[in-house]
Amino acid sequence: MKISDFPVVDAPRVAILMGSDSDLEVMAKAHKALGEFGVPADIKVISAHRNPKDLEAYINSTTAEVFICGAGMAAHLAGVTAALTPKPVIGVPCLSPYVGGLDALLAMAQMPKGVPVATVAINGSQNAGILAAQILAVGDDDLKEKLVAFKAQMAEDGRAKNK
Ligand code: RP5
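Residues numbered from 1 in each chain as written. Predicted model: local features only at pLDDT ≥ 70, side-chain atom pairs only at ≥ 80, totals over all residues. Heavy atoms only, no water.

Caption draft 1: Here's a closer look at the overall build of the protein chain. Within the protein chain, the regular secondary structure consists of six helices and five strands. Overall, the protein chain shows an N-to-C arrangement of helices and strands of β-α-β-α-β-α-β-α-β-α-α. Against the 2.2 N^0.38 benchmark of 15 Å for 163 residues, the protein chain shows a C-alpha radius of gyration of 16 Å, consistent with a compact globule. The principal-axis extent of the C-alpha atoms belonging to the protein chain is close to 50 × 35 × 35 Å. The buried share of the protein chain, reckoned over its 163 residues, is 42%. Contacts spanning at least 24 positions in sequence make up 65% of the contacts within the protein chain whose residues lie at least 6 apart. Accessible surface for the protein chain amounts to roughly 8,900 Å². Of this, 56% is attributable to carbon and sulfur atoms. Computed over 15 positive and 17 negative side-chain charges, the inter-centroid distance for the protein chain is 4 Å. (Helix = DSSP H or I, 4+ residues; strand = E, 2+ residues; numbered from the N terminus. Rg over C-alpha atoms; globule rule 2.2 N^0.38 Å. Buried < 20%, exposed > 50% of the residue type's maximum accessible area, 1.4 Å probe, protein only. Contact = heavy atoms within 4.5 Å. Areas by Shrake-Rupley, 256 points an atom, 1.4 Å probe, with all protein chains shown as cover. Lys, Arg positive; Asp, Glu negative; His and termini not counted. Charge placed at Lys NZ, Arg CZ, Asp CG, Glu CD.)

As structure tokens, then:
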């Protein structure tokens, strides 16, 4: 799987950023979740450490209304993004081989006051996509209807497991 496998989007509503292409397999699930709700999303590798100037330029130029940032280890991507924009930022701590993903989880969840990052579970990028859709649905009735249908189907699937 490569970034070039994903279509280029003219006016993304969500930006899915990740620190490395080694995060792509996890972060692709956010892209898939948003696609299921018809939300156009950009997906890019831009490291807060290796490409800080590119990150700032991207944040200042994108049409995206919500950011989803996935990174592992010393995971500063979501926090730096939150420092640079007033738009909502969702953090996905990506599992690293060393300390079970706790490094990234704490780096994203333990943000200082004034700079929130809505942190989902370790490798929880599907939920990040759903949460981004829910944020956008506050001002989008069509999207809200899709989310209501999604939750109703999920409840039905749960009931069906008892049959
Ligand atoms: C972080 O370091 C990335 O988000 C990735 O999860 C981790 C390892 O990156 P690579 O060395 O695989 O590029 O910046």
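Caption draft 2: Representation of a nonpolar patch on the surface in the model. On the surface, a nonpolar cluster with roughly 530 Å² of combined accessible area is contributed by Met73, Tyr98, Val99, Leu102 and Leu106. With respect to the helices and strands, the residue Leu102 is situated in helix H4 (residues 102–109). (Patch = residues over 30% accessible without salt bridge, like charges linked within 9 Å, V, L, I, M, F, W, Y side chains within 5 Å. Salt bridge = Lys/Arg side-chain N within 4 Å of Asp/Glu carboxyl O.)

Caption draft 3: Up close: the pattern of salt bridges. Within this structure, the stated rule accounts for seven salt bridges. Across the pair Asp5 and Lys2 runs a salt bridge, and its minimum N-O distance is 3.5 Å. With its nearest N and O atoms 3.8 Å apart, the salt bridge here joins Asp42 to Lys44. Given a relative accessible area of 12%, Asp42 falls into the buried group.

Caption draft 4: Spatial organisation of the sheet that holds strand E1 (residues 14–18). Spatially, the five strands line up as an open sheet ordered E2-E1-E3-E4-E5, and their pairing is parallel. At either end of the open sheet lies a strand with only one pairing partner, and these are strand E2 (41–45) and strand E5 (118–119). Where E1 and strand E3 (residues 66–72) come together, five bridges link them in parallel fashion. The residue bridging Met18 from the neighbouring strand is Gly70, located in E3. Strands E1, E2 and E3 of the sheet are contacted by helix H2 (residues 52–61), whose axis makes an angle of about 170° with E1. Those strands touched by H4 are E3, strand E4 (89–94) and E5, and its axis lies near 165° from that of E4. (Pairing = 2+ DSSP bridges. Axes fitted to C-alpha atoms, helices over the stretch in contact; angles between N-to-C directions.)

Caption draft 5: Quick look at the nonpolar core. With 29 residues, the main nonpolar core has Val14, Ile16, Met27, Leu34, Ile68 and Leu143 as its most contacted residues. When contributions to this core are tallied by element, the ones reaching two or more residues are E1, helix H1 (24–36), E2, E3, E4, helix H5 (125–137) and helix H6 (141–160). In terms of residue count, H1 provides more of this core than any other element does, seven residues in total. Those residues in contact with Ile68, other than ones at most four positions away along the chain, are Val14, Ala15, Ile16, Leu17, Met27, Ala30, Leu34, Ile90, Val92, Ala128, Gly129 and Ala132. With 19 residues, the next largest nonpolar core counts Leu17, Tyr58, Cys69 and Ala75 among its residues. (Core = buried A, V, L, I, M, F, W, Y, C linked by side-chain atoms within 4.5 Å.)

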